[in-house]
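# Structural description and commentary
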Amino acid sequence: MLNGLIILCAYVIGSIPSGLWVGKIFYKTDIREHGSGNLGATNTFRILGKKAGLVVTIMDVLKGTAAVLLVTLPVFAEVSIHSLILGIVAVMGHMFPIFASFRGGKAVATSAGVLLGYSWPLFILLFITFFITLKLTKIVSLTSMIAALVALIYSIVYYIVTGDFALGILVGFLFSFIVYRHRTNISRIKNGTEPKVKWL
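Attention in this report is confined to the structure presented alongside it. Worth saying up front: this structure is predicted, and the values here are computed from it rather than measured.

## Here we look at the nonpolar core
Proteins that are soluble and globular tend to have nonpolar side chains buried together. By size, the foremost hydrophobic cluster in this structure holds 16 residues, and its most contacted members are V91, L115 and L170. For this core, the elements supplying multiple residues, two or more each, are α5 (83–95), α6 (108–118), α7 (120–137) and α9 (165–181). Sorting elements by how many residues they give to this core places α9 first, with 5 residues. Other than its neighbours up to four places away in sequence, V91 contacts A107, T110, S111, V114, L174 and F177. A10, Y11, I13 and L70 belong to the second largest nonpolar core, which has 12 residues in total.

Next up, the structure:
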C-alpha cells in the first residue's frame, strides 16, 4: 500500500507542469503553442524570458529532489523502495505529465534535481559543466547531453570506488531518457540548424 502511494506521489510531483503554469498564470501564454512547443525551461527562457525561465528551472529541479526525499518523510518510513526509483518515476512524470495531456519536457532539470537529492557533489559538478559548456557552445540541447555523459562517466568511476551500483543504474536510465528526448535536436545539431541561446 505505502509502496504504491509513494510511487504515485513521485509521479504526481514530477507531473507538475511548471512551464505551463508559470506561462498561463503570470504571462497568459501557453508555451506549448510557441517555440519548440516543449514545456521545459529552455522553451520558457525562449518564449517568456530570463525571469520565467529561471523560475521554471528551479521548480523543475526541485521536483526531482522532492521525489527522492519522499523516503525521509515519517509517513513513508517503512517503504522498501529505493529513493532513486522514485527519482526515475518523477522524471517520467515530467516527460509525460498527467496535468498537461502527457506532453512534458525533456527531463534535464528534473534529472538534475534527482541527483541533487541523492549526490550533491555530482550535482555541483554537472552545474559547473553545464554552464561552462553552454557558455562555449550556446546550444542547450548539446550542453544537456554532454552534462548527462559526464554524469554517466562519474557514476561509473563512483561505482568502481564505492560499489554504489544504484547511482550508475539511475544515471544510465537518465542518460538514455535525455538522449532519446533530444533525438530531433541531434538531427538539427548535425545539420547546423539547432537554435542557439541569446540570453547568455
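## Focus: the side chain of N43
Tracing the backbone through its elements, the reader meets N43 in helix α3 (residues 41–48). Relative accessible area serves as the criterion here: at 1%, N43 is assigned to the buried category. At a separation of 3.1 Å, a polar atom in the side chain of N43 contacts the main-chain amide nitrogen of S36. Only 3.2 Å separates the side chain of N43 from the side chain of R46, close enough to count as a polar contact. Other than its neighbours up to four places away in sequence, N43 contacts I31, H34, G35, S36, G37 and N38.

What counts and what doesn't
Residues numbered from 1 in each chain as written. Predicted model: local features only at pLDDT ≥ 70, side-chain atom pairs only at ≥ 80, totals over all residues. Heavy atoms only, no water. Core = buried A, V, L, I, M, F, W, Y, C linked by side-chain atoms within 4.5 Å. Buried < 20%, exposed > 50% of the residue type's maximum accessible area, 1.4 Å probe, protein only. Helix = DSSP H or I, 4+ residues; strand = E, 2+ residues; numbered from the N terminus. Contact = heavy atoms within 4.5 Å. Polar contact = N/O pair within 3.5 Å; in protein donor to acceptor, adjacent residues only side chain to side chain.

No statement about biological role is implied by the geometric values presented.
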